[in-house]
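Coordinate inspection notes
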Amino acid sequence: MGKRTAFEANTKSSHERDSKRQRFDDSHERNSPRPNGTAEEVTNARDLQNALFFDQSSQSDFRTGLNVFKRFLDSILYSTEELDLPRKRAILREYLDTQKGRERDEKDDAFLQNLTQGWDHAVETNHIAVISQVTAVLALLFKVLATHGELLEYGTLLAKTLVQPSIARRFVRSTSAAPKEENVIAPALRLLTELTRFNEGGHARAVYAKRDFTLEPKILGRNISLGREQSAEDHVKKPSIRTTAIRYLLTHLRYQDERAKSEILSNTNVVRAVFDHIRSDPPFLIYEILDVFRSHVFQDKTIARHTKSRILNGKALARIASLYSYEVAEGSLSEGQKAPDVLAHDFLRLVCTDPAYGVMLPTQGFYPSTFDEDDGEQDDGADHGNDLGIESVENDSKTSKVRNIILSEFTQSQRPYANTLHQELVIDIFRACPELVADYFIKRRDFSYDPKLTSTWIGYSAFLYQTIQLPVPKYFGAKKNYRNQPPPVSVLMHSILPQPLNQQVLTKCLNHNSDLIQLFAIRVLIVALQKLQRVVQELNSASVVRTSKYWEQAAKRLVTEVSRRCPPIRTVFLALKKPGLKNMKRESITRLLRLYYEVTPQVALQEKFDVSLPLCSALVEADKPTATPEDKVFRIMELEHWIQMAKLSPAMRWWQKQKTLQHSPFVTLLKLLVTSKDNEMYAGIKALLSDILYDQEMLQTKTSPDSLDALIASLGAMSGSTTPSAEVLEFLDDCCARFTKVPIKYFDDLDAFCARSSQSVVDLGPFSPLLMTLVEQWPFKGGENATSSIADPLAQWLSRLLYLLKLIGEDETMLSHVRDALVESANTTYKEVLKDAFLWKMGKERAKEALKLATGADFSGSERSTTSPVPLEEPEQSAKAKPGVDLEMPPAEDEKHTGLTRWRKKELGEAIDDGDVGDLVLCLCSEHTEIRIQAIHSIRQLMATIHSSGRNDVGKGDAPEEHPSNNMDFDLQQLYLLLGELLESVDSTGSEAFPYVGGVLAARCTSILADPTLSLFSTVNRFLTASPVWDVSSLLRFFWHRIVASQPDDDGTYHKEVDWYFDYLMDCLRTPADMELFRRSNIFEQLLSHYGSRSCSVSAKDKIVKLLLRATHVGGSTTLITRCGLITWIQMMLDSHDSRHRVLRTLASRVYETCDQEKVATWSSGTIGETVASLTKV
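Residues numbered from 1 in each chain as written. Predicted model: local features only at pLDDT ≥ 70, side-chain atom pairs only at ≥ 80, totals over all residues. Heavy atoms only, no water.

- Looking at an unreviewed UniProt entry, the chain carries the name Ribosome biogenesis protein Urb1, with the source organism given as Clathrospora elynae.

Here you go:
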């Protein structure tokens, strides 16, 4: 029995059938139906023609036919019988062929006339059911046509039909229906979606051309807002109008060109509606929204940036960020699909960290937005508000405006202390926009960082730690190179130590009972000081590229401000003394102490802490066995930190034995290197020992391997023992201590050795002066009259040491004299051992292998040789790579003279700290009369300002009339006195320039008087109270005797004060007039004498040589040669193997080139030229 047709089954009334069919369709058209038995009703194209024939008098039959057609299409689209598909496609194709125009000249809009007529009639009669069915069937038909290639042509005809104006206007009727008529709006949106995406968007442009009917912004925006609360599963079965409308919008964004997409996105009603309710969307729709906007909008380079910037404002970003707390129902995510919070996180990290995506504006790093991008090309005279960039950071309200206001407000709304995704996002935004770091913490004052062991506090600590770890932008945010001015110190300060981290809070954290809180504070301080180190290095690099002095001032000011916010170093020492510290925590604290010494030495050295005691303890601990290799590593790292601190501490005594140590710290470290099985672990210690020896000049470093390598190898090659002999270490310790006490004595012994062998000191090869001490002390241990029993290991060690020194390339002649001297004074028992020092024997093979293993040097063929191998020379490339010697030209006068007015723009105390008052004083030395006159008037105005500085703090009747000076601020009285004496000392008419000797002194004294804690404060005050008028010709001598030739007021400040004085000499020697004052004061003679004294530090020697080079630029060369005997002095320094031989030769050449050679030749009887030529010949 065959199945009944649709017409045979229609036995009920039309109304009842319509009602039933209506309910069936409403539930069926959205549910991705599957074919059922009724699909077989269509057996040929004629059945479809009959079913879809439209008759106004029989609309119920038309609706029945639509249902038949719908089920037929479902059976094709969702078929489970693959063998039946070709037949059904053939029926559909045959039917569609019958719906084409019969004549060739007939227009394309005649396609599917029955459906379009029925749709048109339903619109006119407001028959909602038919409208819904027709649009649903057409949308389904597009899906079928799109899935089969042979049906694409019919889809094209249908698309052209639907975009005709007479039909396209019907869309607006359906999409603008009342919100409750969901069965009308949703099918129309689905039809528009299928029409737009058909054939890969082939008709998208035509659909957009009819946007008044198909894409009206207000209607689409309203539909996007029509969402409803339902589960994700229900969203799949029956999508809401919002879901359908958003998919229609996303289809346009996928397939339209950049012009159409830009116009669509410019409609705020549409874009705002998408993100306003995104939190209520199902996961799959959130993925589609963010994916399309990322791939087809923000990453589309053809769309202008200003268009993208309109899409995401602060509110839209907040809506997307709300997805971080999205709760995903179980089973609502498909396999491999990301959760909404992860999708939102990836999307926000993309759009908020790149200016190309419109949300973020181009950043200028640490510079405020008032600077132009080309500011680096402008001159120093340009006024950009606070152009020094060193304003006080105490007043946090004086912060520069940020450019990225949207991101600033958005980051304030995040909770990085409570959500790790929030934290990652904010950190990424800070990395892209460094200007927002200071802005965030200044505005975010609602969180107290007082130590509390809560999850919020721990999360905030992690957030602060990551913020501090952010890298420093290249050129601090400038485009091509460093600018003329540094960025504001307040911005730099907050990037290093954000606002919540002040001294009080950090001190509480370090003193807290919780180990976790202490460890957080230590880690934060470590990364803060490490970042300060990097920032200061950048500032110093910029000061080399840019001649502006403000970079150096900013570096000093930044270090000072960070020091004020860090806990006192005493607090860190107390944390270290707590009992029961674990190795990792102890190493972290010592690392922090080391950074205090390296980065903020002024803070570290304020506490007179004896580093030698913990260093000795660390040395003892390093010798002890450990339970695990990790503990050994921590102990060695801790030891390295203490060694570095000891090196930076001026009070450290490397050569003095401590009660807890058997040897001095230096020899103890040497013993550690010798006995260590893992040399790489102690590589840092060896480098520090090399630096210590470099300052003492007891071992030569010209060869490779050097003498320290040979010394270590000789100690490590003791026969029959893995540790050096205690007697040998004791002897070596004693010799090193004697050498450091009176090094000049042993250099005299070296000169005597050279004279005895008729060898010039100039021709002497590499040689270690410590050998002279060994020669002196050997008779007391192994001589004829020695009673000690330790001579045998000493003789063996000395023999190995001489052998290795010869092997690395030290002067063999001098080594032979040393050997002969040792043999001559030795007991007969040890003479043979010492005589064979240079001969290869099996006992020395171990020493040679140890040296070869430690340094990688190849001594093949040198063991049995009687001549020393040639010392390793540096390759030509490395020699060429050495930087040239700076000739120290005097600085040119600032033609802009900004010091005349800059001090007026700031608070008085700030102007003093920033050096603006000093700049004003230097204007008295200008070569221009007008500038000098203006400087005199400005100084008088400054004095009046200082005189009245205290009146605002004193009541009108409080100050006694007989003491009007009581109205002056007490801290500024000394500055007032300095300026008064200065005006009394200069030409009041301004007709004569004030020498830089006096001007530079006054400028430098202003900063000293502002800080009473400086060691030179008392010296400057004694000078000011000595006389009301300065005798400029005696200034140099006065301060020489007060600083260089006298003991300091405070212990440990001598070298610091001497360095200040030499810096002053360097700065004030600028003109021939200054050179004349130097000549009258006999300064250069005293400098040359001080250079050879034991009290002259390495840095002081460098400054003296630089000062001599400076003198050659101001007409002082002839004076240096004829009056000071500079050429002879240089010859003496080169003969004594001065480490500055390269600079000294350059000085000799420079002073001879710039002198009055005729006068000098007469003075030297024509010999000076040959002497200089021999000196400069390398």
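Some words on the overall build of the chain
- Helix and strand content of the chain: 63 helices and zero strands.
- A buried classification covers 51% of the 1178 residues belonging to the chain.
- Within the chain, contacts between residues at least 6 apart in sequence are counted, and of these 74% link residues at least 24 apart.
- In the structure as shown, the chain presents an accessible area of about 53,800 Å², 49% of it carried by carbon and sulfur atoms. (Helix = DSSP H or I, 4+ residues; strand = E, 2+ residues; numbered from the N terminus. Buried < 20%, exposed > 50% of the residue type's maximum accessible area, 1.4 Å probe, protein only. Contact = heavy atoms within 4.5 Å. Areas by Shrake-Rupley, 256 points an atom, 1.4 Å probe, with all protein chains shown as cover.)

Let's talk about the environment of Ser-1046
- Tracing the backbone through its elements, the reader meets Ser-1046 in the loop between α54 (1035-1044) and α55 (1054-1068).
- Residue contacts for Ser-1046: discarding those within four places in its chain leaves His-1041 and Tyr-1054.
- From its side chain, Ser-1046 meets the backbone oxygen of His-1041 in a polar contact 2.3 Å long. (Polar contact = N/O pair within 3.5 Å; in protein donor to acceptor, adjacent residues only side chain to side chain.)

What to know about the packing of helix α6 (residues 113-125) against helix α9 (residues 165-175)
- Where α6 meets α9, the axes come as close as 11 Å, and the angle between the chain directions of the two elements is 45°. Judged by the inter-axis angle, α6 sits oblique to α9. At the point where α6 passes α9, the crossing takes the left-handed sense. Judged by residue contacts, Thr-116, Trp-119, Asp-120 and Val-123 of α6 engage Ile-167, Arg-170, Phe-171 and Arg-173 from α9. (Axes fitted to C-alpha atoms, helices over the stretch in contact; angles between N-to-C directions. Parallel < 35°, antiparallel > 145°, perpendicular 65-115°, else oblique. Left-handed = near helix turned anticlockwise from the far one by under 90°.)

Points about the side chain of Ser-543
- In this structure, Ser-543 sits in helix α28 (residues 515-545).
- From its side chain, Ser-543 meets the backbone oxygen of Asn-540 in a polar contact 2.5 Å long.
- Apart from the residues lying within four places of it in its own chain, the contact partners of Ser-543 are Trp-551 and Glu-552.

A short note on helix α37 (residues 707-715)
- Burial of α37 is extensive: nine of the nine residues sit out of reach of the surface.
- Those residues of α37 lying buried are Ser-707, Leu-708, Asp-709, Ala-710, Leu-711, Ile-712, Ala-713, Ser-714 and Leu-715.
- The backbone nitrogen of Leu-708 has a side-chain oxygen 3.3 Å away, supplied by the residue at the start of α37, namely Asp-706.

A closer look at the nonpolar core
- By size, the foremost hydrophobic cluster in this structure holds 257 residues, and its most contacted members are Phe-69, Phe-275, Phe-293 and Leu-312.
- Here the element with the most residues in this core is α28; it accounts for 15 residues.
- Residue assignment places this core across two domains, with domain 1 (45-215) and domain 2 (696-855) each supplying three or more.
- Those residues in contact with Leu-312 that lie beyond four places of it in its chain are Phe-275, Phe-298, Leu-317, Ile-320, Phe-347, Val-351, Val-359 and Ile-406.
- Formed by 92 residues, the second largest nonpolar core is a distinct cluster that contains Trp-903, Ile-939, Val-1020 and Ile-1104. (Core = buried A, V, L, I, M, F, W, Y, C linked by side-chain atoms within 4.5 Å. Domains from an automatic or database assignment.)

Quick look at the packing of aromatic side chains
- Applying the stated rule across the entire model yields 34 aromatic pairs.
- Joined through ring pairs, the aromatic side chains of Phe-1023, Trp-1030, Phe-1038, Phe-1039, Trp-1040, Trp-1060, Tyr-1061, Phe-1062 and Tyr-1064 make up one cluster.
- The cationic tip of Arg-170 hangs over the ring face of Trp-119; the distance from NZ or CZ to the ring centre is 5.4 Å.
- Positioned above the aromatic ring of Tyr-1091 is the side chain of Lys-1101, whose terminal nitrogen or guanidinium carbon lies 5.4 Å from the ring centre. (Phe/Tyr/Trp six-rings, centres within 6.5 Å; stacked < 30°, edge-to-face > 60°. Lys NZ or Arg CZ within 6 Å of the ring centre and 35° of its normal.)

Focus on the pattern of salt bridges
- One pass over the structure, following the stated rule, counts 33 salt bridges.
- Here Arg-89 and Glu-150 are joined by a salt bridge, their closest N and O atoms 3.1 Å apart. Of this pair, Arg-89 sits in helix α5 (residues 85-98) while Glu-150 sits in the loop between α7 (128-147) and α8 (152-162), and the two are 61 residues apart along the sequence.
- Classification of Glu-150 by relative accessible area gives partly exposed; the value is 36%.
- Between Asp-820 and Arg-819 there is a salt bridge; the shortest N-O distance is 3.4 Å.
- With relative accessibility at 39%, the residue Asp-820 sits in the partly exposed group. (Salt bridge = Lys/Arg side-chain N within 4 Å of Asp/Glu carboxyl O.)

Focus: helix α39 (residues 743-756)
- Look at α39: 20 Å from first C-alpha to last across 14 residues, which is about the 20 Å you get at 1.5 Å a residue.
- Within α39, burial applies to Tyr-746, Leu-750, Phe-753 and Cys-754. Down the axis of α39, the smallest arc covering the buried residues is 100°, so these residues share one side. Away from its buried face by more than 90 degrees, α39 exposes Ile-744, Ala-755 and Arg-756.
- Note on α39: the residue one or two positions beyond its end, Ser-758, has a positive phi of about 55°. (Expected span 1.5 Å × (residues − 1). Arc of directions from axis to C-beta.)

Details of the state of the cysteines
- In this structure the tally under the stated criterion is zero disulfides.
- This cysteine, Cys-352, is not joined by any disulfide, and Cys-433 carries the nearest cysteine sulfur, 9.1 Å off.
- Residue Cys-352 is classed as buried on the basis of its relative accessible area, which comes to 0%. (Disulfide = S-S within 2.5 Å.)

Considerations on the environment of Phe-53
- Looking at the element boundaries, Phe-53 is found in the loop between α3 (45-51) and α4 (59-77).
- Expressed as a C-alpha distance, the spacing of Phe-53 and Asn-114, which sit 61 residues apart in the sequence, is 6.0 Å.
- When residues no more than four places from it in sequence are discounted, the contact partners of Phe-53 are Phe-62 and Asn-114.

Topic: unusual backbone geometry
- Residues Ser-704 and Pro-705 are joined by a peptide bond in cis, for which omega reads 5°.
- Residue position: Pro-705 is located in the loop between α36 (683-696) and α37.
- Backbone geometry at Asn-1082 places phi at a positive 55°, although glycine is not the residue there.
- Within the secondary structure layout, Asn-1082 lies in the loop between α56 (1072-1080) and α57 (1083-1091).
- Judged by relative accessible area, which is 31%, Asn-1082 ranks as partly exposed.

Some points on the packing of helix α20 (residues 314-321) against helix α21 (residues 340-351)
- Put simply, α20 and α21 touch, their axes get as near as 9 Å, and they point 145° apart. Where α20 abuts α21, its residues Leu-317, Ile-320 and Ala-321 lie against Ala-344, Phe-347 and Leu-348.
- Class assignment of the residues belonging to the contact of α20 with α21 gives a composition of six nonpolar, no polar and no charged. (Nonpolar A, V, L, I, M, F, W, Y, C, P; charged D, E, K, R; others polar.)

Structural notes on the environment of Asn-269
- Mapped onto the elements of the fold, Asn-269 is located in helix α17 (residues 268-276).
- In the structure, Asn-269 is positioned 49 residues away from Leu-220 in sequence and 8.4 Å away in space, judged by C-alpha atoms.

Some words on the confidence of the model for the chain
- Taken residue by residue, the chain gives an average pLDDT of 80. The fraction at 70 or more is 85%.
- Segment residues 1-40 is flagged for pLDDT under 50; beyond a separation of four residues in sequence, or across chains, it makes 57 contacts in the model.
- Segment residues 103-108: pLDDT under 50, and five contacts once partners within four positions in sequence are set aside and those in other chains are kept. (pLDDT = per-residue confidence, 0-100.)

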